[in-house]
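Overview (structure and organization)
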Amino acid sequence: MTFMKLTASAAAIIAVSATASFAREQIQVAGSSTVLPYAAIVAEAFGENFDFPTPVVESGGSSAGLKRFCEGVGEGTIDIANASRAMKDSERTECIFNGVEEIVEVRIGYDGIVFASDINGNSFEFQPRDWYLGLSAQIVVDGALVDNPYTMWNEVNPDLPAQEIQAFIPGTKHGTREVFEDKVILAGCETIGDYDVYLAAAEGDTDKARGKAAEKACIALRTDGRSVDIDGDYTETLARIVSTPHGIGIFGLAFYENNTSLLQVAPMGGIVPSTESIATGEYPVSRPLYFYIKAAHIDVIPGLKEYAEFFVSDEIAGPDGPLAEYGLVSDPELADTQSAVSAAGQ
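No experiment lies behind these values; they were computed from the predicted model shown. (Residues numbered from 1 in each chain as written. Predicted model: local features only at pLDDT ≥ 70, side-chain atom pairs only at ≥ 80, totals over all residues. Heavy atoms only, no water.)

**Side note on the pattern of salt bridges**
Scanning the model with the defined rule gives 16 salt bridges in all. The salt bridge partner of Arg107 is Asp331, with a shortest N-O separation of 2.6 Å. Highlighted residues: Arg107 in strand S5 (residues 102-118) and Asp331 in the loop between strand S13 (329-330) and helix H16 (334-343), separated in sequence by 224 residues. Accessibility assignment for this pair places Arg107 and Asp331 in one class, buried. Between Asp229 and Arg177 there is a salt bridge, with the nearest N and O atoms lying 3.1 Å from each other. Remark: Arg177 occurs in helix H7 (residues 175-191) and Asp229 occurs in strand S9 (residues 227-230); sequence separation between them is 52 residues. Arg177 gets classed as buried once you look at its relative accessible area, which sits at 7%. Where salt bridges share partners, they join Arg85, Lys88, Glu91 and Glu178 into one cluster. (Salt bridge = Lys/Arg side-chain N within 4 Å of Asp/Glu carboxyl O. Helix = DSSP H or I, 4+ residues; strand = E, 2+ residues; numbered from the N terminus. Buried < 20%, exposed > 50% of the residue type's maximum accessible area, 1.4 Å probe, protein only.)

Pasting the structure below:
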């Protein structure tokens with residue numbers, strides 16, 4: 001967990017001062033659909049065990065939640081943004097521009113991104129290269145870029161079933177999408193050597209600029225219907241799998257584990273996703289989960305600090321707590337997070 005102090009403008013100081021007249025008494029939370037079920041569990045337990053109203057927790061995706069978080073301070077803005085990725089520098093810049101002076105970053109634990117399909121369908125064992133070749137807009141054939149010609153998974157990899165390529169992936173507003181692009185699509189692009197071809201053809205004044213251009217080319221996905229963006233939460237992805245049994249969806253581990261009667265999961269890189277394989281770092285597609293607190297609201301919105309402390313307590317976020325039961329991999333540095341949250345706002 002980190003505590004970020006950002007320089008405030010005079011306007012921001014005025015805005016923070018205005019928060020003293022807040023009328024709102026209910027904590028407002030929005031953001032990641034991956035963090036949503038954990039936050040909902042905590043919010044309900046918080047409302048039952050404390051003399052504060054139950055926080056309102058909304059979804060919408062990490063990017064959307066952080067955008068709302070950075071709109072400013074005051075009663076009309078949210079107090080906490082949930083995120084399945086770390087806040088970007090550009091988002092911090094937007095926050096400071098709008099007067100969000102101090103931000104408390106809280107890492108709550110770890111989650112895996114899993115690849116699951118209909119329980120009664122074919123079984124898969126994937127490598128990142130399979131997803132790159134299956135979903136990339138273009139691939140390199142004999143040194144030349146061509147539009148992706150593949151329509152069946154066994155065309156991508158003869159060891160995969162002869163099943164039509166149909167993938168339901170998180171939309172671009174979800175933090176899960178960025179992790180998928182980086183740890184699966186880009187990793188596959190690099191593994192088979194296509195990244196080097198893109199890099200050689202990239203334009204830019206610096207090596208960094210050319211590298212960024214090559215990465216962007218690697219993660220550009222096909223738009224012919226084989227890859228479908230899901231802007232809603234995992235329940236929408238599940239509904240697509242139910243209605244399209246040959247489809248494969250991307251989910252958080254916890255969601256999959258709570259829907260094993262409908263879904264089967266595919267190993268990635270030879271590793272089956274589980275809380276154990278994520279905790280040890282063996283499973284290759286995992287990520288930390290966060291929430292961000294608007295420090296200017298801590299002494300103004302009743303129960304805000306208490307909610308944050310409750311969220312990261314051993315009883316809730318520890319290895320024997322309800323979040324672990326739902327699928328969260330407990331953070332081995334949870335004690336440090338607890339200390340930092342307790343010091344926030346002082």
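This is not the end of the story, as more comes after the structure.
**What to know about empty space enclosed by the protein**
The final tally for this structure, using the stated rule, is 2 cavities of 30 Å³ or more. Put simply, the largest cavity is a space of about 60 Å³. Breaking the lining of the largest cavity down by element, the ones donating at least two residues are strand S8 (167-170) and helix H10 (234-243). For the lining of the largest cavity, the leading source of residues is S8, giving 3 residues. Of the residues contributing to the lining of the largest cavity, the split by class is 6 nonpolar, 5 polar and 1 charged. Volume-wise, the second largest cavity comes out at about 40 Å³. Lining the second largest cavity are Thr34, Pro37, Tyr38, Asp111, Tyr234, Gly252, Ala254 and Phe255. Every element with two or more residues in the lining of the second largest cavity is listed here: helix H2 (36-49) and helix H11 (253-257). (1 Å grid on protein atoms, 1.4 Å probe; cavity = no way out; pocket = protein on both sides within 12 Å on 5 of 7 lines; lining within 4 Å. Points joined across faces, edges and corners; volume = space filled by probe spheres on them. Nonpolar A, V, L, I, M, F, W, Y, C, P; charged D, E, K, R; others polar.)

**Some thoughts on the pairing of strand S2 (residues 28-31)**
Bridge count between S2 and strand S3 (residues 56-60): 3 bridges; the pairing is parallel. Bridged to Gly31 within S3 is Gly60. On the question of chirality, the crossover connecting S2 to the parallel S3 by way of H2 is right-handed. One ladder, built from 3 bridges, connects S2 with strand S4 (residues 80-83); its direction is parallel. Within S4, the position partnered with Val29 by the bridge is Ile80. (Pairing = 2+ DSSP bridges. Right-handed = clockwise from strand over helix to strand, strands pointing away.)

**Points about the state of the cysteines**
Scanning all chains against the criterion turns up 2 disulfides. One disulfide bridge connects Cys70 with Cys95, the sulfur atoms lying 2.0 Å from each other. Its torsion about the S-S bond being -70°, the disulfide of Cys70 and Cys95 is classed as left-handed. Residue Cys70 is found in the loop between helix H3 (62-69) and S4, and its partner Cys95 is found in helix H4 (residues 89-97); the two are separated by 25 residues along the sequence. Residue Cys70 is classed as buried on the basis of its relative accessible area, which comes to 2%. With its bonded cysteines labelled in order along the sequence, the protein shows the pairing 1-2, 3-4. (Disulfide = S-S within 2.5 Å.)

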